[in-house]
Amino acid sequence: MTKEKNNKPSKELPLGFVDRQEKELLVRDFIISNIKEVMIKYGFQYLETPSFEYSDSIGKFLPDKERPDEGVFSFKDENKWLSLRYDLTAPLARYVAKNYLEIPKPFKRYQLGTVWRNEKPGPGRFREFLQFDADYVGTKSLQADAELCVMISEILEKCGLAKSEYIIKISSRKITEELFKKINIKDNQQRLTALRALDKIDRLGWIGVKELLGGGRYDNLVNNFGNYDAPATGISIGIDRLVYALMQKKEFKVKQSKPVVICVFDKNSMKDYIEVQTILRKAGVSTEIYPGESKLKKQMEYANKIKSPVVILYGENEIKLGKPTLRNLSTGEEKSIEIKELVNEIKKII
RNA sequence: GCAGCAGUAGCUCAGUUGGUUAGAGCACUAGUUUGUGGAACUAGGGGUCGGUGGUUCGAAUCCACCCUGCUGUACCA
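Bear in mind that the values here come from a model prediction, so they are computed numbers and not experimental data.

Draft legend 1. Layout of the overall build of chain A. Of regular secondary structure, chain A possesses 10 helices and 13 strands. In chain A, which comprises 350 residues, the share counted as buried stands at 39%. Contacts in chain A between residues far apart in sequence, at least 24 positions, make up 63% of those at least 6 positions apart. Put simply, chain A shows about 22000 Å² of open surface, and 51% of that area lies on carbon and sulfur atoms.

This is the structure:
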């Protein structure tokens, strides 16, 4: 940690929190739009619950300790403990219990939201991350579990993962119990060890995209809030891990059109620049007038830095002729263009 | 949580018998070019060498503790 001089505020981030930049966010948005599309197709309801819940609502109140368990971020508000949610399943259970009489049974809902965990962060593991959750509440039918698998697979493929790049693993306690009987493992410790070994084999086998998502049945969770018969099953994806997985793929690129930059030669010609900008923006072309008054060279450097495809040079002479000059920033080529033809010419380059 | 390794400029790193004012490349800023970016050249800014304490005439360098990061391992609603 760098010590700041003169009491200036620290520019460091709290442990386990990160800034996320455009490149990553675009991939994230892409994933989210795919998720929403699939969820609508499968008939799930969209839900949002608050970031904070009462600590005991999400199973984090320990009566004998004076404060909620570690693992969550909490504070005391008027004698009640509040915690930031650590997943989306516990809030769902709370929501279902609260609205039990009104909601359809079974209840299918999906949710996208940030969750927080007060744990030691590791590589690719932060204290704040975006999670996606889809659940069936109120059905014991294995049809629900099966549909979740199909659905998740559709989402992954839509996001650009080929069938060969992911594996959906299904496990059931019933199956493992049978297995244990066969090979004669009775001791509890031995079972745990065996289960972990299985889990580890799974993770190591899944190269590139590991621990990416999880799910399962939690038939009793809603019941904790009262006497509700609400067997449930669900699945969650750590969106950020999926983002990371997709970014690993070379061919994967999300396009984002960067603005055309109109250079400023003379503040007094601003109305001419604005005119051009308006024409382009109306045509849906991302455009901006250089935000400042620097020399042309600085303006070119700026355009280059933001990866602008084209710069428009509209100086005194060009304005007289009504013909701005277009400079293609990837080729360096320049062309004098009639204003009427601007949009067409630029669209060719973009 | 436990163990191993690491921390010098925004980034990647040089810097050993402990010795003037701590270096390089890239990046950044300004200029060479007051209408032209990606190249070159010139100049400049930026570090209490992760922190605190100790040893010493003298510490980036040696010692102790702490913080942070990486790796492995344990745990995890």
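Draft legend 2. Looking closely at the sheet that holds strand β9 (residues 260-262). The mixed open sheet is built from five strands, whose spatial order is β10-β9-β11-β12-β13. The two strands at the open ends of the sheet, each matched to only one other strand, are β10 (287-289) and β13 (334-336). The average angle at which neighbouring strand axes cross in this sheet is 20°, direction not considered. Pairing between β9 and strand β11 (residues 310-313): two bridges, direction parallel. Considered in β11, the bridge of Val 261 is made with Val 311. Lying over the sheet, helix α10 (residues 342-349) contacts β9, β11, β12 (325-328) and β13, oriented at roughly 5° with respect to β12.

Draft legend 3. Local environment of the side chain of Arg 20. Position of Arg 20 relative to the elements: it lies in the segment before α1 (22-41). A polar contact of 3.0 Å, which involves the side chain of Arg 20, links it to the side chain of Glu 24. A polar contact is formed between the side chain of Arg 20 and the backbone oxygen of Glu 128, at a distance of 3.1 Å.

Draft legend 4. Spatial organisation of the packing of α1 against helix α3 (residues 142-158). Where α1 meets α3, the axes come as close as 9 Å, and the angle between the chain directions of the two elements is 145°. Considering only the axes of α1 and α3, their crossing is right-handed. Where α1 approaches α3, its residues Phe 30, Asn 34, Ile 35, Glu 37, Val 38, Met 39 and Lys 41 are matched on the opposing element by Met 151, Glu 154, Ile 155 and Lys 158. Its residues assigned to classes, the contact of α1 with α3 comprises six nonpolar, one polar and four charged.

Draft legend 5. Fine view of helix α2 (residues 89-98). For α2, the buried fraction is high: nine of the 10 residues fall into the buried class. Here α2 has its buried residues at Thr 89, Ala 90, Pro 91, Leu 92, Ala 93, Arg 94, Tyr 95, Val 96 and Ala 97. Where α2 is buried, its residues touch β2 (52-54), β5 (107-116) and β6 (128-137).

Draft legend 6. View of the sheet that holds strand β3 (residues 74-77). The three strands lie next to each other as β2-β4-β3, forming an open sheet whose pairing is antiparallel. What marks the edges here is a single partner per strand, and that holds for β2 and β3. With strand direction ignored, the average angle separating the axes of adjacent strands in the sheet is 35°. Pairing of β3 with strand β4 (residues 80-84), which is carried by four bridges, proceeds in the antiparallel orientation. Within the sheet, the bridge partner assigned to Asp 77 lies in β4 and is Lys 80.

Draft legend 7. View of the confidence of the model for chain A. Per-residue confidence for chain A gives a mean pLDDT of 80, with 77% of residues at or over 70. Overall, residues 1-6 carries pLDDT values under 50, and its contacts beyond four positions in sequence, including any with other chains, amount to six contacts. Low pLDDT (under 50) marks residues 199-209, which in the prediction has 10 contacts with non-local residues, meaning those over four places away or in another chain.

Draft legend 8. Fine view of the pattern of salt bridges. With the rule as written, the count across this model stands at 16 salt bridges. Ionic pairing is found between Lys 41 and Glu 154, a salt bridge with its closest N-O pair at 2.5 Å. Residue Lys 41 is found in helix α1, and its partner Glu 154 is found in helix α3; the two are separated by 113 residues along the sequence. Between Asp 135 and Arg 109 there is a salt bridge, with its nearest N and O atoms 2.4 Å apart. Remark: Arg 109 occurs in strand β5 and Asp 135 occurs in strand β6; sequence separation between them is 26 residues.

What counts as what
Residues numbered from 1 in each chain as written. Chains lettered and ligands numbered in written order. Predicted model: local features only at pLDDT ≥ 70, side-chain atom pairs only at ≥ 80, totals over all residues. Heavy atoms only, no water. Helix = DSSP H or I, 4+ residues; strand = E, 2+ residues; numbered from the N terminus. Buried < 20%, exposed > 50% of the residue type's maximum accessible area, 1.4 Å probe, protein only. Contact = heavy atoms within 4.5 Å. Areas by Shrake-Rupley, 256 points an atom, 1.4 Å probe, with all protein chains shown as cover. Pairing = 2+ DSSP bridges. Axes fitted to C-alpha atoms, helices over the stretch in contact; angles between N-to-C directions. Polar contact = N/O pair within 3.5 Å; in protein donor to acceptor, adjacent residues only side chain to side chain. Left-handed = near helix turned anticlockwise from the far one by under 90°. Nonpolar A, V, L, I, M, F, W, Y, C, P; charged D, E, K, R; others polar. pLDDT = per-residue confidence, 0-100. Salt bridge = Lys/Arg side-chain N within 4 Å of Asp/Glu carboxyl O.

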